[in-house]
Amino acid sequence: MSKTKSSRQFWIQGPGQGEILRRDLPSRQGHEVLVRTLFSGISRGTESLVFKGEVPPSQYVTMRAPFQEGTLPGPIKYGYSSVGEVVEQADSSGANLEGQTVFCLYPHQDLYLVQGSAVTPLPPDLPPARAVLAANMETAVNAVWDGGPSTGDRIVVIGAGVIGLLISWLCRQIPGTQVTAIDLNASRESQAKSLGVPFSTDSPPEAYADLVFHTSGSPSGLRRALESAGEEATIVEVSWYGNEPVCLPLGEGFHSRRLSVKCSQVGRLPSMRSPRWTWSRRMELALDLLRDPNLDALITGESDFKDLPEVLAHLSKDPGDELCHRIRY
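Owing to the predicted nature of the structure, the values given are computational and were not obtained by experimental measurement.

### Brief notes about the packing of aromatic side chains
Right, so step 1: Using the criterion set out here, one finds five aromatic pairs in the structure.
Right, so step 2: An angle of 80° between the planes, with centres 6.1 Å apart, marks the rings of Tyr78 and Tyr80 as edge-to-face. Comparing Tyr78 with Tyr80, the two get one shared label, buried.
Right, so step 3: A network of ring pairs unites the aromatic residues Phe67, Tyr106 and Tyr112 as a single cluster.
Right, so step 4: Lying across the ring of Tyr208, Arg154 places its NZ or CZ 4.6 Å from the centre.
Right, so step 5: Geometry around Trp277 places Arg281 over its ring, the cationic atom sitting 3.5 Å from the centre.

Here it is, written out as structure tokens:
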């Protein structure tokens, strides 16, 4: 009879209260693999809102993470950026994954069981430590699909956090585009420079851009996005505000310039892609794009798993200049 395995799991017990608990794992089923975590990443936006209890009740079901346990506002096991090694796999579980390093949309946990179809092997030349950016890259890819940038476009990205810089990095690779990342925090310039993305703390010229992405998470940033958009241009709203109300000046140039505001949300594939793309294909693309070593600039901090309750409490109150914070196991 096999010995029962246990794992250390990060649980949000209530707003602003996190704890690492040890729990037994169930018996492994035929199509499951056992993953030992190497790294996980903290999503500073959504995860901070969940940690602080700022998800509106109307969105409790919509905001469920793929392998979430518990219900909002807590106790809840939440997260979606786990990189680990498959250490056990039954013969009936499909493709041979044992010994492979994989990404999974799993909460912060040092050992877990999951269907083999839910993990994606990393490209051979992608370091596991960088692969924690995969969920962020998925979000950026989806936003670019929603925005539909084209050759020669003048593109403004308001908010130079991880998602904003990834969107900027993707867009600047389209021939002829002029991409500018805008952020009030001047320290973001060093990361933008590492990615070859022009950066500014100043607002772009009014009615300038063919396409604007807003990722700052601040209503004032969205107002700047509206000011930057040229006639008949589109603003792609990537930020999520939780229960914070947003007030916009829709009585000004919004109507006369015939602007469009479009939401991008990673939980759904764009309608023009869904006939051909699957979530697994999108994840494979995200991991392939992460092979560029310059993207390491987006990881600005690292802590041990045992310190995660204190780390997330600090980041949710005062993120400072932090971009992606990596947790090592």
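Moving on from the coordinates now.
### Focus: the nonpolar core
Right, so step 1: Ranked by internal contacts, the top residues of the largest apolar core, which has 66 residues, are Met137, Ile167, Phe213, Leu287, Leu295 and Leu298.
Right, so step 2: With residues up to four places along the chain from it excluded, the contact list for Met137 reads Leu166, Trp169, Leu170, Ala286, Leu289, Leu290 and Leu295.
Right, so step 3: One finds Ala209, Ala225, Ala233 and Phe254 within the second-largest nonpolar core, a separate group that totals 15 residues.

### What to know about helix 8 (residues 308–317)
At 3.6 residues per turn, the α-helix brings residues three or four places apart onto the same side.
Right, so step 1: Turning to helix 8, its buried residues number three or more, namely Leu308, Pro309, Val311, Leu312, Leu315 and Ser316. Buried positions in helix 8, seen along its axis, are confined to an arc of 165° and lie on one side of it. Those residues of helix 8 that are exposed and aimed more than 90 degrees away from the buried face are Glu310 and Lys317.
Right, so step 2: As for helix 8, its buried residues are in contact with strand 1 (6–14), strand 2 (17–24), strand 3 (32–42), helix 1 (46–52), strand 16 (299–304) and strand 17 (324–328).

### Considering the pattern of salt bridges
Right, so step 1: All chains considered together, the criterion is met by 14 salt bridges.
Right, so step 2: Close ionic contact of Arg8 with Asp110 constitutes a salt bridge, the shortest N to O distance being 3.0 Å. Here the residue Arg8 occupies a position in strand 1, and Asp110 occupies one in the loop between strand 7 (101–104) and strand 8 (111–115), the gap between them amounting to 102 residues.
Right, so step 3: Residue Asp125 pairs with Arg291 through a salt bridge whose shortest N-O separation is 3.1 Å. With a gap of 166 residues between them, Asp125 in the loop between strand 9 (120–121) and helix 2 (134–147) and Arg291 in the loop between helix 7 (279–289) and strand 16 connect regions that are remote in the sequence.

### Focus on the packing of helix 2 against helix 7
Right, so step 1: As a packed pair, helix 2 and helix 7 sit with axes 9 Å apart at the nearest point and diverge in direction by 110°. The pairing of helix 2 with helix 7 is recorded here as roughly perpendicular in orientation. The residues of helix 7 that touch helix 2, namely those facing Ala134, Met137, Glu138, Val141, Asn142 and Trp145, are Trp279, Arg282, Met283, Leu285, Ala286, Leu287 and Leu289.
Right, so step 2: Of the residues contributing to the contact of helix 2 with helix 7, the split by class is 10 nonpolar, one polar and two charged.

### Brief notes about the sheet that holds strand 15 (residues 260–263)
Right, so step 1: The sheet built from six strands is open, its strands ordered 12-11-10-13-14-15 with parallel pairing. Two strands bound the open sheet, and with one partner strand each, they are strand 12 (199–200) and strand 15.
Right, so step 2: On the sheet, helix 2 packs against strand 13 (209–214), strand 14 (229–237) and strand 15 and is oriented at approximately 145° with respect to strand 13.
Right, so step 3: The strands touched by helix 5 (residues 219–228) within the sheet are strand 10 (154–158), strand 11 (178–182), strand 13, strand 14 and strand 15, with strand 14 carrying the most contacts at an inclination of about 150°.

### Focus: the packing of helix 2 against helix 3 (residues 162–171)
Right, so step 1: Where helix 2 contacts helix 3, the two axes come as close as 9 Å, and the packing angle between them is 55°. By the angle between their directions, the pair helix 2 and helix 3 is classed as oblique. Two packed elements cross with a definite hand, and for helix 2 against helix 3 that hand is right-handed. Here Asn136, Met137, Thr139, Ala140, Val141, Ala143 and Val144 of helix 2 come into contact with helix 3, specifically with Val162, Ile163, Leu166, Ile167, Trp169, Leu170 and Cys171.

### A closer look at the environment of Ser280
Right, so step 1: Looking at the secondary structure, you find Ser280 in helix 7.
Right, so step 2: What makes Ser280 partly exposed here is its relative accessible area of 41%.
Right, so step 3: Through-space distance from the C-alpha of Ser280 to that of Thr120 is 7.6 Å; in sequence the pair is 160 residues apart.
Right, so step 4: At a separation of 3.0 Å, a polar atom in the side chain of Ser280 contacts the side chain of Thr278.

### Let's talk about the environment of Arg172
Right, so step 1: For Arg172, the position within the fold is in the loop between helix 3 and strand 11.
Right, so step 2: For Arg172, a relative accessible area of 34% corresponds to the partly exposed category.
Right, so step 3: Note: C-alpha distance between Arg172 and Leu195 (23 residues apart in sequence) is 9.6 Å.
Right, so step 4: Aside from chain neighbours lying at most four places away, what touches Arg172 is Thr177, Val179, Leu195, Gly196 and Val197.

### Considering the pairing of strand 14
Right, so step 1: By the bridge criterion, five bridges tie strand 13 to strand 14 in an arrangement that is parallel. Bridging across to strand 14, His214 finds its partner in Glu237.
Right, so step 2: Both strand 14 and strand 15 contribute to a ladder of four bridges, which runs parallel. Residue pairing across strands places Val236 opposite Lys262, the latter belonging to strand 15.

The rules behind the values
- Residues numbered from 1 in each chain as written.
- Predicted model: local features only at pLDDT ≥ 70, side-chain atom pairs only at ≥ 80, totals over all residues.
- Heavy atoms only, no water.
- Phe/Tyr/Trp six-rings, centres within 6.5 Å; stacked < 30°, edge-to-face > 60°.
- Buried < 20%, exposed > 50% of the residue type's maximum accessible area, 1.4 Å probe, protein only.
- Lys NZ or Arg CZ within 6 Å of the ring centre and 35° of its normal.
- Core = buried A, V, L, I, M, F, W, Y, C linked by side-chain atoms within 4.5 Å.
- Contact = heavy atoms within 4.5 Å.
- Helix = DSSP H or I, 4+ residues; strand = E, 2+ residues; numbered from the N terminus.
- Arc of directions from axis to C-beta.
- Salt bridge = Lys/Arg side-chain N within 4 Å of Asp/Glu carboxyl O.
- Axes fitted to C-alpha atoms, helices over the stretch in contact; angles between N-to-C directions.
- Parallel < 35°, antiparallel > 145°, perpendicular 65-115°, else oblique.
- Nonpolar A, V, L, I, M, F, W, Y, C, P; charged D, E, K, R; others polar.
- Pairing = 2+ DSSP bridges.
- Left-handed = near helix turned anticlockwise from the far one by under 90°.
- Polar contact = N/O pair within 3.5 Å; in protein donor to acceptor, adjacent residues only side chain to side chain.

That's the geometry; what it means functionally is another story.
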